[in-house]
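One-letter residues, chain by chain:
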2 protein chains.
Amino acid sequence: MLGLMQQHNLLISSLIEFAEKHHGDVEIVSRRVEGDIHRTTWSGIAQRARQVANGLDAWSLPAGARVATLAWNGYRHLELYFGVSGSERVLHTINPRLHPDQIVWIANHAEDQVLCFDLTFLPIVQQLHARCTTVKHWVALCDADRLPADSGIPNLVSYESWVSAHRQQYTWPDFDENTASSLCYTSGTTGNPKGALYSHRSTIIHAYAAALPDVMCLSARDSTLPVVPMFHVNAWGIPYSAAMVGSKLVFPGPALDGKSVYELIESEKVTYAAGVPTVWQMLLGHMKPAGLRFSTLKRTVIGGSACPPAMINTFRDDYGVEVLHAWGMTELSPLGTLCTLKNKHLSLPPEEQMKIRMKQGRAIFGMDMKIVDEVNHEQPHDGKTYGDLLVKGPWVVREYFKGEGGDPLVEGWFPTGDVATIDEDGFMQITDRSKDVVKSGGEWISSIDIENIAMAHPAVAMAACIGVAHPKWDERPIVVVALKPQAHVSREELLAFYEGKIAKWQIPDDVVFVESIPLGATGKMLKTRLREQLQGYRLPGL
Amino acid sequence: MLGLMQQHNLLISSLIEFAEKHHGDVEIVSRRVEGDIHRTTWSGIAQRARQVANGLDAWSLPAGARVATLAWNGYRHLELYFGVSGSERVLHTINPRLHPDQIVWIANHAEDQVLCFDLTFLPIVQQLHARCTTVKHWVALCDADRLPADSGIPNLVSYESWVSAHRQQYTWPDFDENTASSLCYTSGTTGNPKGALYSHRSTIIHAYAAALPDVMCLSARDSTLPVVPMFHVNAWGIPYSAAMVGSKLVFPGPALDGKSVYELIESEKVTYAAGVPTVWQMLLGHMKPAGLRFSTLKRTVIGGSACPPAMINTFRDDYGVEVLHAWGMTELSPLGTLCTLKNKHLSLPPEEQMKIRMKQGRAIFGMDMKIVDEVNHEQPHDGKTYGDLLVKGPWVVREYFKGEGGDPLVEGWFPTGDVATIDEDGFMQITDRSKDVVKSGGEWISSIDIENIAMAHPAVAMAACIGVAHPKWDERPIVVVALKPQAHVSREELLAFYEGKIAKWQIPDDVVFVESIPLGATGKMLKTRLREQLQGYRLPGL
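Residues numbered from 1 in each chain as written. Chains lettered and ligands numbered in written order. Predicted model: local features only at pLDDT ≥ 70, side-chain atom pairs only at ≥ 80, totals over all residues. Heavy atoms only, no water.

### Description of the sheet that holds strand β14 (residues 322–328) of chain A
Strand pairing in a sheet relies on backbone hydrogen bonds, with the paired strands running either antiparallel or parallel.
Residues and elements named next belong to chain A.
Then, in step 1: Taken together, 9 strands build an open sheet; the order of strands is β2-β1-β11-β10-β12-β13-β14-β15-β16 and the sheet is mixed. Of all the strands in the sheet, the pair left with one neighbour each is β2 (37–41) and β16 (362–363).
Then, in step 2: The sheet contact formed by strand β1 (residues 27–31) and strand β11 (residues 248–251) spans 3 bridges and is parallel. When the sheet's bridge partners are listed, Val29 is paired in β11 with Val250. (Pairing = 2+ DSSP bridges. Helix = DSSP H or I, 4+ residues; strand = E, 2+ residues; numbered from the N terminus.)

### Focus on the environment of Met358 of chain A
All names here are of chain A.
Then, in step 1: For Met358, the position within the fold is in the loop between α13 (350–357) and β16.
Then, in step 2: Along the backbone, Met358 and Lys484 are 126 residues apart, and their C-alpha atoms lie at a distance of 24 Å.
Then, in step 3: What Met358 contacts, discounting residues up to four positions off in sequence, is Pro309, Ile312, Asn313, His325 and Gln429. (Contact = heavy atoms within 4.5 Å.)

### Some points on the pairing of strand β3 (residues 66–70) of chain B
Residue and element names in this part refer to chain B.
Then, in step 1: Of all the 5 residues making up β3, 5 are buried; the element is thus mostly covered by neighbouring parts of the structure.
Then, in step 2: Neither face of β3 is left uncovered, since the one carrying Arg66, Ala68 and Leu70 and the one carrying Val67 and Thr69 both have all their residues buried.
Then, in step 3: Here 4 bridges tie β3 to strand β4 (residues 90–93), and the two strands are oriented parallel to one another. If you follow Thr69 over to β4, its bridge partner there is Thr93.
Then, in step 4: Handedness of the β-α-β unit built from β3, helix α3 (residues 75–86) and β4 comes out right-handed.
Then, in step 5: As judged from the 4 bridges shared by β3 and strand β5 (residues 114–117), these two strands associate in the parallel manner. Bridge assignment links Ala68 to a residue of β5, and that residue is Leu115. (Buried < 20%, exposed > 50% of the residue type's maximum accessible area, 1.4 Å probe, protein only. Right-handed = clockwise from strand over helix to strand, strands pointing away.)

### Points about the pattern of salt bridges
For side chains of opposite charge, pairing can occur when their charged atoms come near one another.
Then, in step 1: A complete count under the given rule lists 66 salt bridges over all chains for this structure.
Then, in step 2: Note that Lys344 of chain B is salt-bridged to Asp25 of chain A, the shortest N-O span being 2.5 Å. In this pair, Lys344 of chain B is assigned in the loop between β15 (335–338) and α12 (350–357) and Asp25 of chain A in the loop between α1 (12–23) and β1, connecting two distinct chains.
Then, in step 3: Accessibility expressed as a relative area gives 38% for Lys344 of chain B, which makes it partly exposed.
Then, in step 4: Measuring nitrogen to oxygen at the nearest pair gives 3.8 Å for the salt bridge that ties Asp143 of chain B to Arg32 of chain B. One end of the pair, Asp143 of chain B, is in the loop between β6 (137–140) and β7 (157–158); the other, Arg32 of chain B, is in the loop between β1 (27–31) and β2 (37–41), with 111 residues separating them in the sequence.
Then, in step 5: Looking at Asp143 of chain B, the relative accessible area reads 23%, which means it is partly exposed.
Then, in step 6: Each member of the salt-bridge network shares a partner with another, and the members are Arg32, Glu34, Asp36, Arg48, Arg76, Glu79, Asp143 and Glu160 of chain A. (Salt bridge = Lys/Arg side-chain N within 4 Å of Asp/Glu carboxyl O.)

### So, the relation of the copies chain B and chain A
Then, in step 1: Rotating chain B by 180 degrees about the axis while translating it 0.0 Å along that axis superimposes it on chain A, leaving an RMSD of 0.1 Å. Classification of the inter-copy transformation places it as that of a two-fold axis.
Then, in step 2: A high fraction, 100%, of the interface residues of chain B reappear at the interface in chain A, so the copies pair face to face through one surface. (Least-squares fit on C-alpha atoms with pLDDT ≥ 70 in both.)

### Some remarks on the sheet that holds β3 of chain B
All names here are of chain B.
Then, in step 1: Read from one edge to the other, the open sheet built from 7 strands follows the order β7-β6-β5-β3-β4-β8-β9, with strand pairing classed as mixed. Each end of this open sheet is capped by a strand with a single partner; those strands are β7 and β9 (195–199).
Then, in step 2: Two elements, β5 and β6, share 4 bridges in a ladder whose sense is parallel. Paired with Val114 across the strands is His137, a residue of β6.

### Here we look at the confidence of the model for chain A
Then, in step 1: Across chain A, pLDDT averages 93, with 99% of residues at or above 70.
Then, in step 2: Scoring the predicted complex yields pTM 0.90 and, for the interface, ipTM 0.90. (pLDDT = per-residue confidence, 0-100.)

### Structural notes on the side chain of Asn54 of chain A
Then, in step 1: Looking at the secondary structure, you find Asn54 of chain A in helix α2 (residues 42–58).
Then, in step 2: Residue class for Asn54 of chain A comes out buried when judged on its relative accessible area of 14%.

### Things to note about the interface of chain B and chain A
Then, in step 1: Each side of the interface is counted separately: chain B has 80 residues, and chain A has 80 residues.
Then, in step 2: For the chain B and chain A pair, buried surface summed over both sides reaches about 6,400 Å², with 57% attributable to carbon and sulfur atoms.
Then, in step 3: Here chain B and chain A share 46 residue pairs in polar contact (both at pLDDT 80 or more) between them.
Then, in step 4: Put simply, the parts of the chain that give the side of chain B that touches chain A at least two residues each are α1 (12–23), β9, α7 (200–211), α8 (238–245), β16 (361–363), β17 (368–372) and β18 (387–392) of chain B.
Then, in step 5: At 7 residues, the largest contribution of residues to the side of chain B that touches chain A is made by α7 of chain B.
Then, in step 6: Looking at the side of chain B that touches chain A residue by residue, the classes come out as 39 nonpolar, 22 polar and 19 charged. (Buried area = accessible area lost by both parts, 1.4 Å probe. Polar contact = N/O pair within 3.5 Å; in protein donor to acceptor, adjacent residues only side chain to side chain. Nonpolar A, V, L, I, M, F, W, Y, C, P; charged D, E, K, R; others polar.)

### A few points about the nonpolar core
The tendency in soluble globular proteins is for nonpolar side chains to be buried side by side.
Then, in step 1: Within the largest apolar cluster, 184 residues are counted, with the highest numbers of intra-cluster contacts made by Trp42, Phe82 and Tyr208 of chain A together with Trp42, Phe82 and Tyr208 of chain B.
Then, in step 2: What Tyr208 of chain B contacts, discounting residues up to four positions off in sequence, is Ile205, Tyr208, Ala209, Leu212, Phe365, Gly366 and Trp395 of chain A together with Met244 of chain B. (Core = buried A, V, L, I, M, F, W, Y, C linked by side-chain atoms within 4.5 Å.)

### Thoughts on the side chain of Thr179 of chain B
Then, in step 1: Mapping Thr179 of chain B onto the fold places it in the loop between α6 (159–164) and β8 (180–185).
Then, in step 2: With a relative accessible area of 5%, Thr179 of chain B lands in the buried category.
Then, in step 3: The residues touching Thr179 of chain B, leaving out its near neighbours within four places in the chain, are Met1, Leu2 and Gly3 of chain A together with Glu88, Tyr198, Ser199 and His200 of chain B.

### Details of helix α10 (residues 258–267) of chain A
Then, in step 1: The complete set of buried residues in α10 of chain A reads Gly258, Ser260, Val261, Tyr262, Leu264 and Ile265 of chain A.
Then, in step 2: Structurally, α10 of chain A contributes buried residues whose contacts are with β1, β2, β10 (223–226), β11 and α11 (277–290) of chain A.

Spelled out as C-alpha cells, the structure:
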C-alpha cells in the first residue's frame, strides 16, 4: 500500500527558488579575478540563473547536454550551478589544475557543448580549444568590455553580454529527480579520469545531510566561506546546502593566499570555512607572524586529504576555532564522514577528545560503511583492525559516466581504495590508501602514520612514505622528505625521532631528501611519480 | 539523461539500523506506566523492533496491514514505530484522549488488525473492543505478569511475552520508498476524522529537515525529551530524527505534570524538549514557587497551538532557555515552520528580536507556502496582509486515507485552514483559524490577538474569542474567559485592559465568564462546543 503524500521531485531548481523567496536579501560576496570585491544576493543569483537557463534555451541546447566550467569560486560560477542543472542540463566542473591534455580528454569524453572559463584560464583555453571537438560555445566569465579581442577562440562571448541578452523570467522545468545534474571527474592518479554523474535526487539528499548539526551545521546565521573549490566535487555541496538554509556565501576567487583569505574572513564576518589542509597552512602561516586573530570564525571543516594533527591543535588552542575533520570522495558527492564528538565524549579530558578528533569521523545518516579483509569478510569495529573501506548510499556512485572502468561495485558496495579502522563508536580512521600501504613481513604499515610523524618534526615541510621491495620482508618503508627553507635535520636525527612513537619494525629503513614532493591537481602527493623518480634507489645494506 | 548514483529506497528501517550500528550504546530512558524508570539503548530498541517484526510475521499479518497503538511516549511504543513500519506494515497511532466512540470509528475506518495499548487505557479498550470488528490481536504493553487475567478482551497477550517469543534476527525488507509507513487521524473538530497516510519517503525527508540547525537542531550531543505525544503526528517526527543523528531519547510516559517532567529533565540531563504550551505551563507552574532552575536544558520547541508571548519571555529571561516557536499540522508530518532568527536579526535589540520570535517562523526547505485571498490570488509578503495559508511539499498530504473528504488540494496546494501573514523575511504568523476569524464590517479581527491580550491579564487562566452575529457589522467579537483560582477581574476592567493594545473597533463587545473552556483531545480549545454553550447569548444592547 502506498502512502498518500504529495509527490514532488527533489530538484536543484527548488533550492534556488527557496533561497530567493526566503533569503532573497542574503549576500553572496565574491573576490573576482579582476581583484575587486563583488556583492550580490540570493535574489540576484536566482535572477541571473534564470537568464542563464534562457541563454541555454536560445542556443537550443538539449536536456542532458553538458555545460563545462573552468572557474574559481564566485557568483558567476554559482549562477551556472543553478542555471545549468535547473534547466535540465548537466554542469560539468573541470579542474583547471589538470594538465591541458587531460582537460581536452575530459571535455571530449564528456562531449561538452559549452565551456565557460575565468580569464585566468584564457591561456589554457587558447592552447586546447581547437582539440575540444564537441564544444560549440565558448564563454569568458567576464564583463563585455574585458573580452579579449584577439583570443583566437571562435565565437567567444562574454558571460555578461550573453546573460544580459536574456529575460529574467523563466519557469524551471519539472522532471524525474534521478536526472543527471552535474558531472565531476576523479583526479585519476591511475588510468583515465572517470566521471561521477550526480543526480538531482542525490544532490538534494546530500545537501540535507551536509547541513545537519553533526556535519557542517549550516544555518541562516552563518557566513560561509568555501575555500574548497567549486571545480572539485561541487565545493563539498556547500552551494546547495547554503541555498537550502539561507547562509551567506563568501567566495575567495583565485586568491587563496593566507593574507587574502584572512582579510575575507574578517571583512565578511565569516563564521564557517571549509577547505583542504594546504590552504589552512598558508592562512596560519600569514596569521602567526602578524599576531592576527579571528573575530567571527567559529568552526572549520578540513578534508580533502588527511589533516596533520598539529593543525587541529593550532586552530583550537591558539585561535579558538573548532576544527572538524572530514572525509569524502568525488564518488561520494563528496561527504562520507564528519568528526563531531558524541555526548559521552564531552566529559573526556582534552587529550582523550583529541584522539577522537584526529579520526576522519562518523558516517552521516544515508552513508553506510564497512571494512573488509582481502576476501571481502567484514572486519570488527574495534578501532584497531584494518580493512578496505567500502561504502554505499543514495549519494554514492553506482557506475562511472559511459561505463568507464566497468562495474566499480563489490556486491553493491563502492570500494573507496582507502584502508581504515572503525571503532566501537563508529569513528572511522583512514590508515592508508590501499595502494600505499606498506606490506612488511605479512603486516601492514600505514604510510600515513610514517608521514605524520615526520611532519611533526619542526624541520620537515612535507613527507611521503613509500614501500620499497625487500628480498626478505617483501616491502620496507622509506620516508621521502622535503625540508622547510633554511631548516636542517640529518637522516639519523629523523630516524631517531621515530623511536618510541611507533613499533621498532615500523620505523622506516631510510630517509631520502628531495627539493619538493610532486603534487597532483587537487593538492595530493603523487606517489606514483615519486616512485618513478626513485627508480634507481636501493635500500641501505642491500 | 539519468544520473549514475546508487538507488536506495529511503526506508524507516535504515534509521534503526543506523542508530544501532553507530549509536548502539546511546540511552533510551522511559518513565513507565508502572511509575518506574526503564533504561535501554538504541541497540536494545533495534533488537526488539526486529522481534516485533518477527511477531507480526508469525501472525501472518500482510504488508500494508494497520497496527494500532493507544500508548504514551515510551520505549515499547518506539519499538513498534520501527518494527511495524520497517516490516512494511502501517503504524496507526490513535489519540487516547478521543471519545471512545471516535476511537471505534477510527479503528474501524483504518481496519486495524492489531491494537497495542498501555494499561492506562485498559478501561477504554474494555469498553470498545467488541465494536472494533477488524482487530484480531489485542496486545497489552506490559510485562507478562501484569496482564489482567479477567479483562474480557479475547486473546489478550502481553507485549513482553509476545515479543520475547520471537527471534532477534530479522532482515528488514526492501521496498518502494513511497510505501505507506504510518497513519494519523486529524483531531477533526468538524466532520469525521480524516487519516494522513505518511510514506517512508516523506518520513525520511521530514526527518532530515526536522534535524537541521534552524529547525530542531538535533545532534549526537543531545538528550531529547519529546513531551509532545507519540500518539499525535509521530511526536513531531522526533523518534525518526533522533535515530538519524543518534540523540538520546527521554520519554515521560503518562506523567506530564510539572514535577515529573522537571525531575526527568534534570536526572537525564535533557538538552532539548518539545511540547505544547499547556505542558510547559504546568512545568513553569511547578518550578517558579520552588525556585527551581534547569542545569542542562538549552532549548525547547513549542508548538501545537499558538504559544502565549509571556511564556516565551519567561523561558528566555527567567530560565535561560531558548524557546523556538513552531507551527505544523497532522497533514504536514507535522513540521511547517520554525522560528529561528536569521543572521541579520542577531544585532537587533532584544525587544525587536522578540517581535520576530512571536511569529510561527520560516518555512523549512521542502515546505513551500503562500497566502491567498478569497479568490485564490497570492497576497504580498509584507507582514501585514492576511490570507489563507496554503502549503505544498514532499511531506504534505495529497489526499486523506480512503479518499475521505474528497480532494483537499487547491491547484496542488494544501489549504491549512489557517489565516496568516508572511513578512519580507519569510516569517509566517498565524493570525487565526479561517473559521475563527471574526468578520466585522468587512474587516477581519484575529481571535488569537483578542485571546492573547486577555491571557496577558494576571487574573485570566484561559480566554477564547468568538464572533457573534450582529445586524449592522455582520459579526462582533466577544471574549469568553476562565479565571485563575481566587483571581478576580470585572468585565469593565478586562475591556479597559484592551485599550491602547488594539484598535478601538477591534475591542470585544463583551466578556463572558465561565468555569472552564472546553478542550479537545490535543489540548486545543473547542470553539464549536463553546458556541453551542452560548447559544442563548445576546450581545449587550441588542
